[in-house]
Amino acid sequence: MRWPNPAERVVLANTAWLVSGLATAGRFGWLWVVGAGLAGGLLSRRSPRLALLAFVVGVAAGQFSNIRTREQTAIALPPAYDALDVVAVTDSSLGRYADAWAVARPIAVLVGDQRREWKGPDLLLTLSTEVDLVRGGSYRITGALLQTRFEVDQVEPLASPSDPLTFAGNALRGHVLSRLDREIPEQALLAGFLVGETSGLSESDLEALRAAGLSHFVAVSGSNVAAFLLLFWIALGPLGIGPRRRGVLGLLGLFVFAVATRWEPSVVRASLMAGGVLGARVIGLALSHWVALGLGVGLAVLVSPGLVTDLGFQLSVAATSGIMIAGDSLPESLPTWLRKPLGVGLAAQVSVAPILLASFGEIPLFSPLTNLVAAPLVAAATLVSAVAILTSIDPLIDLAALGSGAVLWIGRTASWLPQLSTLPAVGLGVAVAIVIRWPRSRPPVAFATSVGLFFLLFGGSGLSGPAVAFLDVGQGDAALIATRDGRMIMIDAGPDPRQLWEALRRQRVKALDLIIATHPHDDHIGGLVGLAGRLPIGLVWFTGDRHLSATWNQIEIEMDAQGVPMQVPIVSTTVVLGDVKVQVLGPERHYEDPNDESIVVLVEGPGVSVLMTGDIEVAAQTDIGPLDVDVLKVPHHGGATSRISWLLATTPRLAVVSVGENDFGHPHPSIVGALADAGVEIQRTDQYGDIVISLEILP
């Protein structure tokens, strides 16, 4: 292991105290305050005065940032205006399901023929998809402020970015993206490798990469910075430039690359480290990696205090520190080709584990192995695609796409592997610490750890039928119906692809024979975005084309591209899968409200019946009439849109409310109270998590 020496510790300690001061002043969270303070305390015993000074500077910088933010947000948009002149803070990007969006900083307001300077808070702009805003460009916009966003009607370009380095960075980014077809997933991933642009990847692919521990490859990290500098210096080679001039040009190149990658936090960290080393060499000094890390992090958070809470920046700093400490700590008896990349992967995984657990509640167990396989593919694909774009040799892009396609396959496959939640991860960490502290304990600890991992990997079988599982997917609906022979039906998919994918992984679902999309509201179908192609889908039922949405349009495109058949079922349509029967009860007619036009199905198992109601309200409930069932999925998340007499007439023994944190008052006390007074047991997904009910016998 390579720990920092005393001189390096001084720099790192001051950086830690600086971050602690920023976190204290900016109220960025107790974890940062405690963590940075503890690190600073352990490292700064030889420089207490410098540590105190760094802490004071951090507090001052944090307070200044707070004051600046309050001043900006206190400025209201003038009551009368004809147009605004703005500078784009971000590129325009496609919204998740609908219009494009961008963030812009206002610089002037136009009222009639008068133009006066006005520096208000940054505005979130919603745009038509035809508009293309480029970071740093100036634009004149017209439209209206609607609550938290500015809805743009017209955009008039005023000027491109004025400084040559920003212009060069934008040009580089634009050239890279123009050569890649981001509607093809493999080429969309290449855009992520090269400039960190992931808008072409589906939500489910992004979640798969995260669950497999591969998402850092599209964050553009230190390896990308190193590769860029290498190609940059190779291009400068014929000019015969000396080392110092090459270092100066390298600094300029780093700025261009940071612009091209839109100041990805990991690029900021890596560029500042590399820039510190290059700058020191230009003036004849040598900086160690630890000093470069400390100075780079300190400068970054002073300029932009918000980086303290940026997850990408946190992970980048933690991973870099772990690799520098323990990246070369595996036994030398291992082959070099295995020892170094596996050691780097393990060191990075261990160092970022606390942050991942705090943010996601789990860490990818097999991340070191997936990275071991994926890393050379990423490096080769990145290099080949960069050469292809620079030389305009299109067949090389297809060659690079083979590598990125393999990485996608690894991510999609490994995303099904078990994740370590907080308790098992802490247990594994304790086991490793015991082995390091008491080497003789290695055999029993290794045995106990192996047994624990075995049960983690093979101890659960997921959902087994006949049963229904109401999935905890937040404020939305999603349920699975499993037959005894392993076939699977999903009714709705919740609001978010990531939450749905996590739920499917929890229940170890590998294929869906039937998906029923009850109606096209995002809290019921949003999770379907990107699902086609991730696992086999036999058939999709939906409500027809009367109440469609941008989300559903996207889902239809994806299903069609994968050859998934789609049908509109009519009342009395019945499907029998094994020992489970599903019968369509509604909608009986067209309704003005999409909620009433939900597909309603009766699920009957060997001994238990379940009424799946979507979001139907009084009109549809009246048309369907009362039913006698064992389990009722309470309509519309328990909202006060149901007729209580109808709910009670279904005579359920158990009522399930699929609900999450919300501002709608779901479930409504009148609904819950009426069911409880009637002796109906009530279970909620926000309280119970996934609710699994046998279709053979109700407890």
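From a predicted model like this one, the values you see are computed outputs, not experimental measurements.

Scoring rules and cut-offs
- Numbers given for residues are sequential positions, taken from 1 along each chain in its written order.
- Given that this is a predicted model, residues contribute local features only at a pLDDT of at least 70 and side-chain atom pairs are listed and counted only at 80 or more, while totals for whole chains, interfaces and linings are drawn from all residues.
- The side-chain numbers reported here are obtained from all heavy atoms of the structure, hydrogens and water having been left aside.
- Strands are treated as partners if at least two bridges between them are detected by DSSP.
- Secondary structure elements are defined from DSSP: runs of H or I of at least 4 residues count as helices, runs of E of at least 2 residues count as strands, and each element is numbered from the N terminus.
- Structural elements are reduced to axes, namely lines fitted to C-alpha atoms, with helices fitted over the stretch in contact, and the angle between N-to-C directions of any two is expressed from 0 to 180 degrees.
- Orientation is classified from the angle alone, with under 35 degrees giving roughly parallel, over 145 giving roughly antiparallel, 65 to 115 giving roughly perpendicular, and any other angle giving oblique.
- By the convention used here, residues are in contact when the closest approach between their heavy atoms is within 4.5 Å.
- Only Asp, Glu, Lys and Arg are considered charged in this grouping, and only Ala, Val, Leu, Ile, Met, Phe, Trp, Tyr, Cys and Pro are considered nonpolar; every other residue, Gly among them, is considered polar.
- Think of it in three bands: residues with accessible area under 20% of the maximum for their type are buried, residues over 50% are exposed, and the middle band is partly exposed, with areas taken using a 1.4 Å probe on protein chains only.

Help me understand the sheet that holds strand β18 (residues 600-604), please; the structure alone is not making it clear to me.
Two orientations exist for strands paired in a sheet by backbone hydrogen bonds: parallel and antiparallel. Taking strand neighbours across the sheet as the criterion, the seven strands line up as β16-β17-β18-β19-β20-β21-β22 in an open arrangement whose pairing is mixed. Edge positions in the sheet fall to β16 (574-577) and β22 (681-684), since each has one partner strand and no second. With direction set aside, neighbouring strand axes in the sheet form an average angle of 20°.

In this structure, what is going on with the packing of helix α5 (residues 185-195) against helix α14 (residues 394-414)? I would like to understand it.
A pair of packed helices is characterised by two quantities: the angle between their axes and the separation of those axes. Interaxial distance between α5 and α14 falls to 8 Å at its minimum, and their mutual angle equals 90°. Put simply, α5 runs roughly perpendicular to α14. Each of Pro185, Glu186, Gln187, Leu189, Leu190 and Phe193 in α5 lies in contact with α14, whose residues at this interface are Ile397, Asp398, Ala400, Ala401, Ser404, Gly405, Val407, Leu408 and Arg412. Among the residues forming the contact of α5 with α14, the class breakdown is nine nonpolar, three polar and three charged.

Explain the pairing of β18 here, please?
Along any regular strand, the residues point their side chains to alternate faces of the sheet. Within β18, four of the five residues are buried, which leaves the element mostly enclosed by the surrounding structure. Note: strand β17 (residues 580-586) against β18, five bridges, orientation antiparallel. Residue pairing for β18: lysine 581 is matched across the bridge by glutamate 604. The antiparallel pairing of β18 with strand β19 (residues 609-612) creates a hairpin that spans four residues between the two strands.

Help me out: how do you make sense of the sheet that holds strand β10 (residues 467-470) in this one?
Here we have seven strands laid out as an open sheet, ordered β15-β14-β13-β12-β11-β10-β23, and mixed in their pairing. The sheet terminates laterally at β15 (566-567) and β23 (691-694), the two strands that pair on one side only. Note that strand β13 (residues 514-516) and strand β14 (residues 540-541) share two bridges and pair parallel. In the strand pairing of β14, isoleucine 516 is matched with tryptophan 541.

These results come straight from atomic positions and should not be treated as a statement about function.
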